[in-house]
Amino acid sequence: MKNRRAMGWKLAVCVLMFAAGTVLSGPAKAEIKNKLNSETTPQTQKAISKKQVTQWIKQQGARKANYYFEGLTFIEVQLDEDKELEVIAGIDGGVHLGHFFVFDRTKAGTYKLIAEKDWKVEALHPGLAVETDSRVLYETVERTGGTGIDVKYAHLWYVKDGKWVEAWKGVLKERNAMITGAHSLVAGSYQVIDDTLFSWQTLTRLEDDDETVKGERETTLQVFQFDGTRFVEKQ
């Protein structure tokens with residue numbers, strides 16, 4: 001275990017030097033790939049329709065019928081340890097507008113809304129899964145912002161015992177062009193090794209042409225420890 005931890009810390013340093021993305025071992029990748037590819041509906045579970053998902057959102061969503069249902073899409077995917085598929089749904093309402101939902105199938109065969117977020121997501125399918133010593137976490141990328149601001153966040157989350165839990169949120173990109181003379185770009189990434197998450201962001205100050213760099217780039221690092229439920233920043 002000591003050798004494993006030591007190798008992990010060395011790998012983290014290498015990743016920070018080369019600004020690499022999140023990496024998983026071969027066995028972990030295979031296990032997660034099998035889970036995420038399990039999107040075929042079991043023979044005992046009927047296919048879900050867009051009309052059904054729309055009705056669930058109307059009945060259980062915070063806004064009831066006040067959604068842009070023309071932008072609704074959904075997928076069925078295996079996210080937890082039971083045999084039933086969960087449903088991830090999203091509504092694309094514009095450049096920075098959207099909604100994200102997760103429904104869990106109950107033992108009675110109904111679907112319960114366990115997560116609702118005002119997120120415009122890059123993709124419904126969890127694009128990246130990372131593994132701690134005790135959890136498989138899924139990544140959803142949210143895009144948000146407004147006039148002169150464009151931000152991308154990575155959210156790591158999982159489903160356990162019918163509950164949706166967000167374990168961590170971090171910046172992947174933040175472009176700020178709101179104020180003349182104060183344009184900037186933040187590029188971020190993260191790496192999970194065992195139960196430790198390393199997150200770093202590089203700040204680049206820009207001229208108002210959004211291309212010319214002002215001064216030196218600044219990189220900061222945060223370290224988080226998984227406490228069995230969420231990643232908590234280490235002081």
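The structure under discussion appears in the preceding block.
The model shown is predicted, which means the values in this text are computed figures rather than measured ones. Each chain has its residues counted from 1, running along the sequence as written. For a predicted model such as this one, the threshold for reporting local features is a pLDDT of at least 70, and the threshold for listing and counting side-chain atom pairs is 80 or more; totals across whole chains, interfaces and linings nevertheless cover every residue. Where side-chain values are given, they derive from all heavy atoms of the structure, hydrogens and water being excluded.

Draft legend 1. Geometry of the nonpolar core. Buried residues of nine kinds, namely Ala, Val, Leu, Ile, Met, Phe, Trp, Tyr and Cys, make up a nonpolar core once their side-chain atoms join them within 4.5 Å. Each residue gets one of three labels from its accessible area relative to the maximum for its type: buried under 20%, exposed over 50%, partly exposed in between, using a 1.4 Å probe on protein chains only. Counting 17 residues, the largest nonpolar core has L79, I88, F100, V102, W157 and W164 as the members making the most contacts within it. For this core, the secondary-structure elements that each account for two or more residues are β1 (72-77), β3 (98-105), β4 (111-117), β7 (136-146) and β8 (149-160). When checking whether two residues touch, look at their non-hydrogen atoms; a contact exists if any pair is within 4.5 Å. Beyond its immediate stretch of four places on either side in the chain, W164 contacts F100, V102, I114, A115, K117, W119, W157, Y158 and V159. Where helices and strands are cited, they refer to DSSP runs of H or I of at least four residues and of E of at least two residues respectively, numbered from the N terminus.

Draft legend 2. Highlighting the sheet that holds β4. An order of β1-β2-β3-β4 is seen for the four strands of this open sheet, with the pairing classed as antiparallel. Of all the strands in the sheet, the pair left with one neighbour each is β1 and β4. Ignoring strand direction, the axes of neighbouring strands in this sheet form an average angle of 20°. In this scheme, strands are said to pair when DSSP sees at least two bridges between them. Where β3 and β4 come together, six bridges link them in antiparallel fashion. Of the residues in β4, the one forming a bridge with R105 is Y111. Packing against the sheet, helix α3 (residues 50-60) makes contact with β1, β2 (86-92), β3 and β4, and its axis sits at approximately 100° to β1. Every axis corresponds to a line fitted to the C-alpha atoms, with the helix fit spanning only the stretch in contact, and the corresponding angles, defined between N-to-C directions, vary from 0 to 180 degrees.

Draft legend 3. Here's a closer look at the environment of G215. Examined against the element boundaries, G215 turns out to sit in strand β12 (residues 213-226). For the pair G215 and T204, spaced 11 residues apart in sequence, the C-alpha separation works out to 8.1 Å.

Draft legend 4. Focus on the environment of Q78. Relative to the helices and strands, Q78 resides in the loop between β1 and β2. At 2.9 Å, the side chain of Q78 and the backbone oxygen of D82 are in polar contact. Polar contacts, as counted here, are pairs of nitrogen or oxygen atoms within 3.5 Å of one another; within protein the pair requires one atom able to donate a hydrogen and one able to accept it, and residues that are adjacent in sequence qualify only if both atoms are side-chain atoms.

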